[in-house]
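# Structural overview for review
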Amino acid sequence: MATAANTVAAAGAPKDGVPPAPAKTLSGIVKQVLSGDTLVIRATKGAPPPEKQITFSHVLAPKLARRPGAGGDETKDEPWAWESREFLRKKLIGVEVTFTFDKPANSNREYGFVWIGKDKETGENVVESIVREGLVSVRREGRPTPEQQTLIELEDQARAAGRGKWSHNVNAVEKVRNIKWAHENPAHIVDVYGGKPVKAIIEHVRDGSTVRAFLLPDFHYITLMISGIRCPGVKLDADGKPDLSVKVPFADEARYYVETRLLQRDVEIRLESVNNSNFIGSILYPKGNIAESLLREGLAKCVDWSMAVMKTGADKLRAAERVAKEKRLRQWQDYQAKTPAFNSKEKDFGGTVIEVFNGDAVNVRLSNGHVKKVFFSSIRPPRDQRAVVGTDGEEIVKAPPRGKNYRPLYEIPHMFDAREFLRKKLINKKVQCNLDYISPPRENFPEKYCYTVLIGGQNVAEAMVAKGLATCVRYRQDDDQRSSAYDQLIAAEQQAIKGLKGLHAKKDNATLRVNDLTVDHSRIKVQYLPSWQRALRSEAIVEFVASGSRLRIFVPKDSCLVTFLLAGISCPRSSRPALNGVPAQEGEPFGDEALTFTRERVLQRDVSVHIDTTDKAGSSVIGWLWTDAGANLSVALVEEGLAEVHFSAEKSEYYRLLKSAEDRAKAAKKNIWANYVEQVPEEKVVVEEEKEEKILVERKVNYENVIVTEITETLTFFAQSVENGPKLETLMSKLHADFHGNPPIAGSYTPKRGDLVAAQFTLDNQWYRAKVERIQGSNATVLYIDYGNKETLPTNRLAALPPAFSSEKPYATEYALALVALPADNEDKEEALRAFSEDVLNHKVQLNVELKVAGAPNLATLHDPTTKTDFGKQLVAEGLVLAEKRRERKLKDLVEQYRAAQEAALASHLAIWKYGDITQDDTPEFR
């Protein structure tokens, strides 16, 4: 019985004396090399063109490995099989050739010879070339034909020269590939290559966007879905098998387009992700990215889910698709653009963010003063978890309505975090807004102008999505109403999901618990007011501005919302719109201007407040507010002529500032003082003097036990109350334990002048409360508020003071030593300070406040608890300091005692009086 080998060997040779039919000659382009002796050649015309498989006559190539499931069991390469295939691939793929072929009667194959070029007389005979290289065997059965005889002679020469498979110096095992047909952990392969391009050969094109390839040099055999696109493919039948009877438009054309450019070409593949057992990645060939080419020709469409895994180039894919859409190529032949035309003013503009809404929009003030509401393109803020959401992100069933006091900002998980992220990042910052689309009105909501908002070149929406504070809107594939940076948004969302950030965290999303004191007033006086009054200042966020002097603030430390009234001023009422059936109300003159002034300076800003008391109803708190720039808002409003000083301010420490600001506003005739005419005061001086004469003022003595902790070079000193000693020790123990258990990251905090911080003292490396007095480069001068000493240290030794330690007042108070003055001479001054330090520093003494001074340390005397010695008078008596001249009636007796002590020191020529009366240096003879 004749074997297939005998049949092939007889091809082209006479049989039984009957000459063979003449071989046909054609030309074509080599599409694929199946092995070292078989090619697939396609015609030069047609899309796709007809193909013909040609097996070389008279030769036999080593067999290539066969993957499992491809028509049989797995087999390995025969030695030199890959080298013979590669010899032909590198020489012939995409090359025009001339070939002859005939088909023996008892064979289903066509055999022949192949020449490079259009003329077989001058072209290279490929069969002879591969025999010459020793990469195939020549069949020697039967009587050889002239062509076969030539091949035998060439093989003998190759054997003699030890070429290819005839080499005696090469181990045949080395010429067998170790192919990895299957991968148990595809994701590990992606991680191994780390997103770097890897050399590859495309072995098969399944459809325009799916190929099989060998990754070199390790011979990983992979099925690759091209990132970001999808081409028309073959329809599957009920059993999941290709149904070739159904023709899908442009499917054959897309596959042919890829085959002519990639099949068996050397390419680079960038692996980016996996989908089940298939890999997802980009293919780079000499002319660029094949995905871009397919999109530009209208043979593919962008796919959002796989575009999200791309490392780079998603924007180029979108741009290529837009080209095909505009030209209406192939799949886009019926395309109609849905994006409306924008005028230049709407499309792109820059401005300053003045207000942030609940995570999806901001108000931007333009250069002309107009305010525009800007929605972020293609993202959704956190939503009510009771709503039922579909796969596309749309609410199928809306959440049931809440009560009238419902505040979504605080009660929807992560809504407050999203708002805070935007507030801290954007408020009072310049942004660039680029219009992407206009969302049509629906469900009683007006149309939305949706923008890509950039700050410093960064996409704000992308930053939100990356932190898990917003999600991406999902669109139909043909919907162009989306962000211009949509692919970056999808990629950011994938990273947030992978990192379990924000909305994607597995733990339950708890709501922010807020004590709404604007509704429940009963707890203001009892639970919160005392601690607010004790605090130096409390940090707050202004959530709403109702008028120039009425605000709603959020106090993070106590998680409270409370209505806040500015102290010390009376502000004109602003106008109010009609609401809930209540008619609109006109405002007082300059009321709206005052409202605008306050909004522009504090709305949604971080501020500091000191709360003094509540209003009569106990529903609002009254206090002082400082802007993020450090300005007292009450004073600022008065200075601008938008408020007047209220009589209640007379008892406050800011009365002088308010009166001075009001006088300047009156003089400049600003706003409410535009028509002000100054009245000539009546002669009241005599009356006031008579009043003063009638008031009898006596010196009050109320000794307090203190410890002097610091003495300054100007003779002021800091003292701690002995009674508060245990409280201070407890506070310091907790502070030290807190920083020992949770040490701050060096350099993570940037201090500002006036900040209340934690500072690491140089001598013991412990943390203490301090106030920043000065910043110089990388150093800061701080005052340790509980001890009174100062230090200049690097800013990396400063940290944010935890809120739990910021509410208590300083334990060290600064005083000035009453009724004395330092001498002018530096040596005398040093001697006086040394003596005073020896007497009182770090000693327990008794302190009496003699005179309270606005805006400066109170004047106080210090006394020995045992002997009752007045340390200040003792310094005067020893001639170390001068007695100060003061005219306060209540200090008259004490001043006389100090003057008498000074006269005695002068008479005895003690210390500074050694050479006589130093106060006479100002007499004419010394000038």
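- Under an unreviewed UniProt entry, the name given to the chain is Staphylococcal nuclease domain-containing protein 1, and the organism recorded is Drosophila guanche.
- If you open the UniProt record of the chain and go to Subcellular location (unreviewed entry), you find "Cytoplasm".

### Digging into the overall build of the chain
- When helices and strands are tallied, the chain shows 23 helices and 45 strands.
- Computed over C-alpha atoms, the radius of gyration of the chain comes to 45 Å, more than 25% over the 30 Å expected from 2.2 N^0.38 for 927 residues, which places it beyond the range of a compact globule.
- Residues counted as buried form 45% of the 927 residues belonging to the chain.
- Restricting the contact set of the chain to residue pairs at least 6 apart, pairs at least 24 apart contribute 61%.
- Total accessible area on the chain is roughly 49900 Å²; 50% of this is exposed by carbon and sulfur atoms.

### What to know about the domain arrangement of the chain
- When its domains are assigned, the chain resolves into domain 1 (24-175), domain 2 (186-332), domain 3 (349-385 + 408-504), domain 4 (515-571 + 588-673), domain 5 (718-810) and domain 6 (818-926).
- The straight-line distance from the C-alpha centre of domain 2 to that of domain 5 is 60 Å.

### Regarding the side chain of serine 84
- Structurally, serine 84 is set in helix α2 (residues 81-92).
- Note on serine 84: relative accessible area 0%, which makes it buried.
- Those residues in contact with serine 84 that lie beyond four places of it in its chain are Gly36, Ala61, Pro62, Ile130 and Leu135.

### Some details on the sheet that holds strand β40 (residues 798-800)
- Strand order in this open sheet of 5 strands is β39-β38-β37-β36-β40, and the pairing throughout is antiparallel. Of all the strands in the sheet, the pair left with one neighbour each is β39 (790-794) and β40. When the angles between neighbouring strand axes are averaged without regard to direction, this sheet yields 50 degrees.
- Where strand β37 (residues 767-776) meets strand β38 (residues 779-783), 5 bridges bridge the pair, whose relative direction is antiparallel. Bridge pairing in β38 places lysine 771 opposite leucine 783.
- Its contacts with the sheet place helix α20 (residues 725-741) against β36 (756-760), β37 and β40, and it is angled at close to 75 degrees to β37.

### Considering the nonpolar core
- Ranked by internal contacts, the top residues of the largest apolar core, which has 41 residues, are Trp532, Phe564, Leu625 and Leu637.
- The contact partners of leucine 637, leaving out residues within four places of it in the chain, are Gly548, Leu566, Ile569, Ala594, Phe597, Thr598, Leu642 and Ala643.

### Quick look at the environment of leucine 910
- Inspection of the secondary structure assignment puts leucine 910 in the segment after α23 (892-907).
- A residue is classified by how much of its surface remains accessible, and leucine 910, at 33% relative accessible area, is partly exposed.
- Sequence spacing of leucine 910 and glycine 879 is 31 residues, and the spatial spacing of their C-alpha atoms is 5.1 Å.

### Re the packing of aromatic side chains
- Counted under the stated rule, the structure contains 25 aromatic pairs.
- Judged by centre distance (6.3 Å) and plane angle (35 degrees), the rings of phenylalanine 113 and tryptophan 115 are tilted.
- Here phenylalanine 113 falls in the buried class, since its relative accessible area comes to 10%.
- For tryptophan 115, a relative accessible area of 12% gives the class buried.
- In this arrangement the basic side chain of lysine 165 is found over the ring face of tryptophan 166, its NZ or CZ atom lying 5.2 Å from the centre.
- Between lysine 175 and the ring centre of tryptophan 80, over which it is positioned, the NZ or CZ distance is 4.9 Å.

### Describing α20
- The end-to-end C-alpha distance of α20 is 24 Å, a good match for the 24 Å that 17 residues give at a rise of 1.5 Å each.
- Listing the buried residues of α20 in full gives Leu728, Leu731, Met732, Leu735, His736 and Phe739. The buried residues of α20 occupy one face: seen down the axis, they fall within an arc of 130 degrees. Relative to its buried face, α20 has exposed residues pointing more than 90 degrees away, namely Pro726, Lys727, Glu729, Lys734, His740 and Gly741.
- In this structure, the buried side of α20 is in contact with β35 (716-721), β36, β37 and β40.

### Quick word on unusual backbone geometry
- Going from leucine 216 to proline 217, the amide bond is cis rather than trans, its omega being 5 degrees.
- Structurally, the position occupied by proline 217 is in the loop between β9 (210-215) and β10 (220-226).
- The backbone phi angle of glutamine 264 is positive, close to 60 degrees, even though this residue is not glycine.
- If you trace the backbone, glutamine 264 turns up in the loop between α6 (251-262) and β12 (266-275).
- Classification of glutamine 264 by relative accessible area gives buried; the value is 2%.

Conventions used here
- Residues numbered from 1 in each chain as written.
- Predicted model: local features only at pLDDT ≥ 70, side-chain atom pairs only at ≥ 80, totals over all residues.
- Heavy atoms only, no water.
- UniProt positions renumbered as here; feature names shortened; annotations may be inferred.
- Helix = DSSP H or I, 4+ residues; strand = E, 2+ residues; numbered from the N terminus.
- Rg over C-alpha atoms; globule rule 2.2 N^0.38 Å.
- Buried < 20%, exposed > 50% of the residue type's maximum accessible area, 1.4 Å probe, protein only.
- Contact = heavy atoms within 4.5 Å.
- Areas by Shrake-Rupley, 256 points an atom, 1.4 Å probe, with all protein chains shown as cover.
- Domains from an automatic or database assignment.
- Pairing = 2+ DSSP bridges.
- Axes fitted to C-alpha atoms, helices over the stretch in contact; angles between N-to-C directions.
- Core = buried A, V, L, I, M, F, W, Y, C linked by side-chain atoms within 4.5 Å.
- Phe/Tyr/Trp six-rings, centres within 6.5 Å; stacked < 30°, edge-to-face > 60°.
- Lys NZ or Arg CZ within 6 Å of the ring centre and 35° of its normal.
- Expected span 1.5 Å × (residues − 1).
- Arc of directions from axis to C-beta.

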